[in-house]
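Coordinates in review
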Amino acid sequence: METNNTNSFEPKVVAFVCNWCTYAGADLTGTSRIKYATNVKIIRFPCTGRIDFMLLMKAFANGADGIIISGCHPNDCHYTSGNFHARRRWMIFRNLLDFIGVDVNRIVFSWVSAAEGAKWAEVVNESVDQFRQLGPATSYQKLIKNSEFQEVE
Amino acid sequence: MARIGVFICHCGENISATVDCEKVAKVASEFPGVTVSVDYKYMCSDPGQNMVKEAILEHNLTGVVVSACSPRMHEPTFRNACAEAGLNPFLCEMANIREHCSWVHEKSDATTDKAIDIVRTLVEKVKRNEALAPIYVPITKTAVVIGGGVAGIQASLDIADAGHKVVLVEREPSIGGHMSQLSETFPTLDCSQCILTPRMVDVARHPNITLYTYAEIESVDGSIGNFNVKIRLKSKSLDEKLCTGCGACIQKCPVKKIPSEFEQGLGKRTAIYVPFPQAVPNKPVIDRVNCTYYIKGKCKVCEIVCPTKAIRFDQEDSFVEVQAGALLLATGFDVLKTNFFPEYGYGKYEDVIDGLAFERLASASGPTKGEIRRPSDGEIPKKIVFIACAGSRDPAKGIEYCSKICCMYTAKHAMLYKHKVHEGTPYIFYMDIRATGKMYEEFVRRAIEEDEVKYIRGRVSQVYEKNGKLIVRGVDTLLMGQAVEIEADMVVLATAGIASPGSEELAQKLHVSYDKHKFFSEAHPKLKPVETNTAGIYLAGACQSTKDIPETVAAASGAAAKIAGLFSNDLLKRDPLIAVVKKCAPPLYSSCTGCFMCIPVCPYQAIDKEEIKDRSGNIIKTISHINPGLCQGCGTCVAFCKSKSIDILGYNHDQVCAEVEALLNEW
């Protein structure tokens, strides 16, 4: 686990959420006026099953310090089974990330339903704290800098 | 070259209180591709929408980003406005800076910066949006109504009267639901069965209604306009076409002491039975759990006495499949058994009953023919204590919500008791009296003032038996918490209303969301009270939350009007945000390699194989093909596709990659 104790550090966090549960849940957080950290920005997907996990790598490559993936609870998927596919993909993908040396704590996988406005705020705040503890994600940038790929460019 | 218009809404002060909207508009005007960027107090108002329309015409915009509330709120509004100005509606996106920004953060630069990031992300997305045409699918003008209580009956009749076909599915042997069990209804005290049973007969007689009783939903496929509903017809052990409903079998059935569900256990029924005399259809079913033939292998008395030879002991469950355009959930409620309140003695003392059982006692068609007699010895009780909120508004032991109907029916019970037993004394222990309907408060006042019902504000701690009396020990909080003890002959618990058993399984079959109490959730608590968040599935009545009869009927008619409205069109317009297999020029035709990983993962069976042939009909390549009528646009196949050959319109690779990049750069 990479550790960095710079307290002033504000992680950049991207949230990939499904339209039906977590996006609506985050809307409910808003209508309930529950406050959370500004670090997180949401990208809407029809379903977590749509999330191609290469997008996660894309986000890290573009400087994300942490990622939240959130969709419907098991059995609540608007499309029946998309969240199960996402979960299964995540189980495999996290092993791969671990293997290649990316800290899997930089990705938070959660379920937030359309009724769980308060939970969304909790997920965001806890994740941001976790990412803040981890410090900036620099391994990808270092890798690019040291690679031959960079020299060619 | 993109020409994007950005429109920042202040939403009164909902956004501008924490986000510097003018700054957002100014920064956004410098984004590459942005032609016009303005802010306005109320973008969704008529002048606001006109600003969007005029900008589209003036600047010949190729895309619009409305930066305001959630797209779940106003996306249709602004897409329509764009369409009116001649811009394809799918070239309009909403940047959610209210629910996801201004309402969840304090006023600060960080909040404004976040709003700017959100706008930039959507600008990058909209640059890559494609003009799309809506998909039209035919609508099957048949509604399946699930549940034959008063809500299902009302909705079925309304839809059928509007000229559409209805299939009404009821789990029990008869329609009627809880309303058919009630004695008299508040606040008018008119007889429940007198107003309901004619409607039940109307359902059975209506040429547009097909009634399946003793039936349950097996599975549901498809989507709005075209559902495929498989219904399990549980075996009634009877050929309904031959049965005339003469009742000879019921008279001769030797098993006569089964507690009747309809009578709440206060009456008895036979193993072959109709639940109540006015049942629709008035034809019996055999309860196989209690029937001697199914237990011991012999008896068959009913078969012998049946004049039309309608009994079928070997009948099995059968299935029917129904094509339907809309589904209506009207599965109603149940009352909570208060076994978890051992201190009230429910289940221990025969004379502690619930409200529904009291309804049967007070009903003219009930086990006592409408006389109030206590279950244990048939005596007329001199004192009855009614305990309101037995389980409701009690997060510690019961449920936290208010069941809503109990205050009124308890007042009614006390009143009915007093009307039938003039010398009797009804007591009601209550927390608050919630009498909020039309003529409800007056009704309660009448109970107190004319019928001298003794209301005691306070909770009951214990009910126990002593010398043949039920001692109700409670507290009167209006007398400074003084202890009260009443020697009652009978105790009636106004138990909480809960979701009907099986609601959760049904919700999962239908992909309808439900709350933590297993009540079905409406799509919007105020503006879409009879819709679920699954298009084409509606709800009515107490399956949503406990409701009284007027509210239930109003909701049922509302849902019926929604369904009739849906059926008033021949074609249904659907958003074209579906998956497509990318194609290209020969000799490749498509990057699809034909691994067909996408086929098993599709939850809608929307993907099949397509053969690409040359002019002489030889197959060059077999690739995936997505049926646009079935695809719902979940995108599971997109993430599975190894060769990136499937894309989903509205959320394609270009768009989401651009969003990720835009969100993170220029932080």
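The rules behind these values
- Residues numbered from 1 in each chain as written.
- Chains lettered and ligands numbered in written order.
- Predicted model: local features only at pLDDT ≥ 70, side-chain atom pairs only at ≥ 80, totals over all residues.
- Pairing = 2+ DSSP bridges.
- Helix = DSSP H or I, 4+ residues; strand = E, 2+ residues; numbered from the N terminus.
- Axes fitted to C-alpha atoms, helices over the stretch in contact; angles between N-to-C directions.
- Buried ≥ 20, exposed ≤ 12 C-beta atoms within 10 Å, placed from the backbone.
- Arc of directions from axis to C-beta.
- Contact = placed C-beta atoms within 7 Å.
- Nonpolar A, V, L, I, M, F, W, Y, C, P; charged D, E, K, R; others polar.
- Parallel < 35°, antiparallel > 145°, perpendicular 65-115°, else oblique.
- Left-handed = near helix turned anticlockwise from the far one by under 90°.
- Core = buried A, V, L, I, M, F, W, Y, C linked by C-beta atoms within 7 Å.
- Domains from an automatic or database assignment.
- Expected span 1.5 Å × (residues − 1).

This paragraph deals with the sheet that holds strand E3 (residues 66-71) of chain A. Residues and elements named next belong to chain A. Strand order across the open sheet formed by four strands is E2-E1-E3-E4, with parallel pairing between neighbours. In this open sheet, the two strands that pair with only one neighbour each are strand E2 (40-45) and strand E4 (107-111). Looking at each pair of strands side by side, their axes are set apart by 20° on average, direction ignored. Both strand E1 (residues 13-18) and E2 contribute to a ladder of six bridges, which runs parallel. Note that in E2 the partner of Cys 18 across the bridge is Phe 45.

Our next topic: helix H2 (residues 54-61) of chain A. Along H2 of chain A, the residues that are buried comprise Leu 55, Leu 56, Ala 59 and Phe 60 of chain A. On an axial view of H2 of chain A, the arc spanned by its buried residues comes to 145°, and they lie on one face. Contacts from the buried residues of H2 of chain A go to E1, E3, E4 and helix H5 (139-146) of chain A together with helix H18 (653-664) of chain B.

What follows is about the interface of chain B and chain A. Contacts between the two partners involve 38 residues from chain B, matched on the other side by 40 residues from chain A. When residues of the side of chain B that touches chain A are traced back to their parent elements, those giving at least two are helix H4 (98-102), helix H5 (109-127), helix H17 (636-640) and H18 of chain B. Top element by residues in the side of chain B that touches chain A is H18 of chain B. It accounts for seven residues. Taken together, the residues of the side of chain B that touches chain A sort by class into 17 nonpolar, 12 polar and nine charged.

This part is about the sheet that holds strand E12 (residues 226-233) of chain B. Residue and element names in this part refer to chain B. As summarised here, the arrangement of the three strands in space is E11-E12-E17, forming an open sheet in which the pairing is antiparallel. Both outer strands of the open sheet, strand E11 (215-223) and strand E17 (318-324), are each paired with one neighbouring strand and no more. Geometrically, the sheet is characterised by an average inter-axis angle of 20° between neighbouring strands, direction not taken into account. Across seven bridges, the pairing between E12 and E17 is antiparallel. Residue pairing for E17: Arg 232 is matched across the bridge by Phe 319.

The next point concerns the packing of H5 of chain B against H18 of chain B. All names here are of chain B. At a minimum axis separation of 8 Å, H5 and H18 run at an interaxial angle of 150°. Put simply, H5 runs roughly antiparallel to H18. As for how H5 packs across H18, the hand of that crossing is right-handed. Only Gln 655, Ala 658, Glu 659, Ala 662 and Leu 663 of H18 make contact with H5, whose side of the interface consists of Asp 117, Arg 120, Thr 121, Glu 124 and Lys 125.

Core analysis: the largest hydrophobic core is formed by 111 residues, its most contacted members being Val 14 of chain A together with Val 64, Val 66 and Val 119 of chain B. For this core, the element with the most residues is H5 of chain B, which contributes seven residues. Each of two domains, domain 1 (4-133) and domain 5 (579-648) of chain B, supplies a minimum of three residues to this core. Those residues in contact with Val 14 of chain A that lie beyond four places of it in its chain are Lys 41, Ile 43, Ala 59, Ala 64 and Ile 67 of chain A together with Val 660, Leu 663 and Leu 664 of chain B.

With that settled, the discussion passes to the packing of helix H11 (residues 355-362) of chain B against helix H12 (residues 406-420) of chain B. The packing of two helices is summarised by the inter-axis angle and the distance between the axes. Residue and element names in this part refer to chain B. Where H11 contacts H12, the two axes come as close as 11 Å, and the packing angle between them is 35°. In this structure, H11 meets H12 at a crossing whose hand is left-handed. Within the contact between the two elements, H11 uses Gly 355, Phe 358 and Ala 362 and H12 uses Cys 406, Tyr 409, His 413 and Leu 416.

Residue and element names in this part refer to chain B. Along the chain, Val 123 turns up in helix H5. Between the C-alpha atom of Val 123 and that of Ala 28, which follows or precedes it by 95 residues, the distance is 8.8 Å. The contact partners of Val 123, leaving out residues within four places of it in the chain, are Ile 4, Val 6, Phe 31, Gly 33, Val 34 and Val 65.

What follows is about the domain arrangement of chain B. Residue and element names in this part refer to chain B. Domain assignment breaks chain B into domain 1 (4-133), domain 2 (142-234 + 317-332 + 501-571), domain 3 (248-305), domain 4 (337-498) and domain 5 (579-648). Relative placement of domain 2 and domain 3: their C-alpha centres are 28 Å apart. If you look at the interface, domain 2 gives 14 residues, while domain 3 gives nine residues. A per-class count over the side of domain 2 that touches domain 3 returns seven nonpolar, six polar and one charged.

This brings us to helix H6 (residues 150-161) of chain B. Residue and element names in this part refer to chain B. Spanning 12 residues, H6 covers 16 Å between terminal C-alpha atoms, matching the ideal 16 Å at 1.5 Å per step. The buried fraction of H6 amounts to 11 of the 12 residues, a majority that puts the element mostly inside the structure. Of the positions making up H6, those classed as buried are Val 150, Ala 151, Gly 152, Ile 153, Gln 154, Ala 155, Ser 156, Leu 157, Asp 158, Ile 159 and Ala 160. The elements touched by buried residues of H6 are strand E6 (142-146), strand E7 (165-169), helix H7 (192-205), strand E10 (209-212), strand E18 (326-329) and helix H15 (549-567). With its phi angle positive at about 100°, Gly 163 sits one or two positions after the end of H6.

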